[in-house]
Amino acid sequence: MIDRRLWALAWPLMLTNLTVPLLGLVDTAVLGHLDSPEYLGAVAVGANLFSILYWTFGFMRMGTTGLSAQAWGKRDHFAQVALLLRSLLLATGIGLLLILFHQPLIRLGLQLMNPSPDVAALAAEYASIRIWSAPAVLCQYTLVGWLIGTQFPRGPMVMLIIANGINIVLDVFFVTVLGWNSRGVALATVMAEYGAALIGFVIVLRRMPEGQALSRALFGHLADYLTILRVNRYIMVRTVALLLVLAFFTAQGARQGDIILAANAVLITFLLVISNALDGFANAAEALIGEAVGQNSQRRFRLVFVSALRWSVCGALILTLAFVLGGRWLISLLTGIEEVRTTAWQYLPWLWLLPFASVWGFLFDGVFIGATRTREMQNTMLFSALAVFLPAWWFTTGWGNHGLWFALITLMLARAASMGWLCWRYTRMGRWFEPH
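- As recorded in an unreviewed UniProt entry, the protein goes by the name MATE family efflux transporter, listed as coming from Marinobacter daepoensis.
- Reading the Sequence similarities (unreviewed entry) entry of the UniProt record for the protein gives the comment "Belongs to the multi antimicrobial extrusion (MATE) (TC 2.A.66.1) family."

## What about the overall build of the protein?
At step 1: The helix and strand inventory of the protein stands at 17 helices and 0 strands.
At step 2: The C-alpha radius of gyration of the protein comes to 21 Å, within 12% of the 22 Å expected for a compact globule of 436 residues.
At step 3: Dimensions along the principal axes, computed over C-alpha positions, put the protein at roughly 60 × 45 × 35 Å.
At step 4: Of all intrachain contacts in the protein linking residues separated by at least 6 positions in sequence, the fraction that spans at least 24 positions is 85%.
At step 5: Charge centroids of the protein, computed over 29 positive and 20 negative side chains, lie 13 Å from each other.

## Regarding the nonpolar core
At step 1: Ranked by internal contacts, the top residues of the largest apolar core, which has 82 residues, are Leu-98, Phe-301, Phe-368 and Trp-432.
At step 2: The contacts of Leu-98, once residues within four sequence positions are left out, are Leu-53, Tyr-54, Phe-57, Leu-105, Ile-131, Ala-134 and Leu-138.
At step 3: Listed in part, the 40 residues of the second largest apolar core include Ile-260, Leu-267, Leu-271 and Phe-389.

## Let's talk about helix H16 (residues 374–395)
At step 1: When the terminal C-alpha atoms of H16 are compared, their 31 Å separation across 22 residues agrees well with the 32 Å that a helix rising 1.5 Å per residue should span.
At step 2: At Ala-385, H16 shows its largest bend, some 30°.
At step 3: Lining the buried residues of H16 we find helix H11 (222–255), helix H15 (348–370) and helix H17 (401–429).

## Describing the state of the cysteines
At step 1: A complete count under the given rule lists 0 disulfides for this structure.
At step 2: Cys-314 provides the cysteine sulfur closest to Cys-423, a residue in no disulfide bond, and the two sulfurs are 18 Å apart.

## A closer look at the side chain of Glu-376
At step 1: With respect to the helices and strands, Glu-376 occurs in helix H16.
At step 2: With a relative accessible area of 12%, Glu-376 lands in the buried category.
At step 3: At 2.7 Å, the side chain of Glu-376 forms a polar contact with the side chain of Tyr-426.
At step 4: Ignoring any residue separated from it by four or fewer positions in sequence, one finds Glu-376 in contact with Phe-368, Leu-422 and Tyr-426.

## Some words on the environment of Val-237
At step 1: Relative to the helices and strands, Val-237 is located in helix H11.
At step 2: A relative accessible area of 34% means that Val-237 is categorised as partly exposed.
At step 3: Beyond its immediate chain neighbours, meaning those up to four positions away, Val-237 contacts Gln-378 and Leu-382.

## Quick look at the packing of helix H3 (residues 59–74) against helix H4 (residues 77–100)
At step 1: Two elements in contact, H3 and H4, have axes separated by 9 Å at closest approach and are oriented at 170°. Classed by the angle they form, the pair H3 and H4 counts as roughly antiparallel. Of the residues in H4, those in contact with Met-60, Thr-64, Leu-67, Ser-68, Ala-71 and Trp-72 of H3 are Ala-79, Gln-80, Leu-83, Ser-87, Leu-90 and Ala-91.
At step 2: The class makeup of the residues in the contact of H3 with H4 is 8 nonpolar, 4 polar and no charged.

Conventions adopted
Residues numbered from 1 in each chain as written. Predicted model: local features only at pLDDT ≥ 70, side-chain atom pairs only at ≥ 80, totals over all residues. Heavy atoms only, no water. UniProt positions renumbered as here; feature names shortened; annotations may be inferred. Helix = DSSP H or I, 4+ residues; strand = E, 2+ residues; numbered from the N terminus. Rg over C-alpha atoms; globule rule 2.2 N^0.38 Å. Contact = heavy atoms within 4.5 Å. Lys, Arg positive; Asp, Glu negative; His and termini not counted. Charge placed at Lys NZ, Arg CZ, Asp CG, Glu CD. Core = buried A, V, L, I, M, F, W, Y, C linked by side-chain atoms within 4.5 Å. Buried < 20%, exposed > 50% of the residue type's maximum accessible area, 1.4 Å probe, protein only. Expected span 1.5 Å × (residues − 1). Bend = angle between axes of the 7 residues up to and from the residue. Disulfide = S-S within 2.5 Å. Polar contact = N/O pair within 3.5 Å; in protein donor to acceptor, adjacent residues only side chain to side chain. Axes fitted to C-alpha atoms, helices over the stretch in contact; angles between N-to-C directions. Parallel < 35°, antiparallel > 145°, perpendicular 65-115°, else oblique. Nonpolar A, V, L, I, M, F, W, Y, C, P; charged D, E, K, R; others polar.

Given below as structure tokens:
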């Protein structure tokens, strides 16, 4: 029964998640076949900047999932609707602030990444367009998180597949027909983000619990919004640490030249495929673990964890085989620039290691989010980034780009080990259900 419930949640979420790197694959393929690698590098830098900027507030998705799943387990309709409304208001406010202060944020981000002058100019143009999607993106996070927590995964699937389909069509039209290059990719993304938010609002309105009318009490008071921010502050720190690692990875690649930057951009696109595919099981675990905690059921908690673990490992095995057997062909699909292609082939073996190195962290993220044990997520990420990733990179700088990939793999293994140890300890001591 648990396997069936996990799969009922996981397959729409996997399909939903895979549309995200599919969009990245199209961006890379469209720009990778232009004459210059600078456009591909510009979008890699710009997209990385927005990953940091937007996923700093990724708690709007993850925190909403855990809290709404627990409210779902308790069958508390008021708490479900109040959480959604308050989170949407927070998301809109934060998005407008990002637009207001976008110029210094973009300048700072580009200075930290330090791309070549030509790539920096194109990345700045890309970023100045992408920033206008901020309110829509953060509202999407909230809507998707709420729909996952209330166990309606087909909502995010419809929402993101349609929006990303529009994005892909506009990508091809703006770049290949109108010749707008990286500027066209940015504009297509902005239009698609607002389309996704609109679709999400329609789906959520149809999912409102019966008998729960709109009332002043749902809006709450300032303290209620501060409570949401306090609960999710640990997710924010954890996410910032992870994204800074990825930004550091991009920046170090950029320092080795535009060809290495472009080759790494191609390979990192496959990391997005891995994370978004395996996150289907992790997202399903978030909803079912949160429900188990809301029901105070230790037996259901264990059953969900074992099921999610089993299927996550199977998914990692399939992805590993796909990259081992078809990696060179997939790289060739994404770029026709011979120098970028042959450089990416040199680092392909690191891609073979990524699925099994990263699957454990994705799974444990789902468990900890569902149980709203967000402080532990923060601490394990800080340990992995500061005590493992940075020293690993420092001691392997003589390896060039190989050292950079080695450090990334060690980060993932450190997360797996530290979160796995905490998971075993909390399960043995029965701490998942204690107040925190």
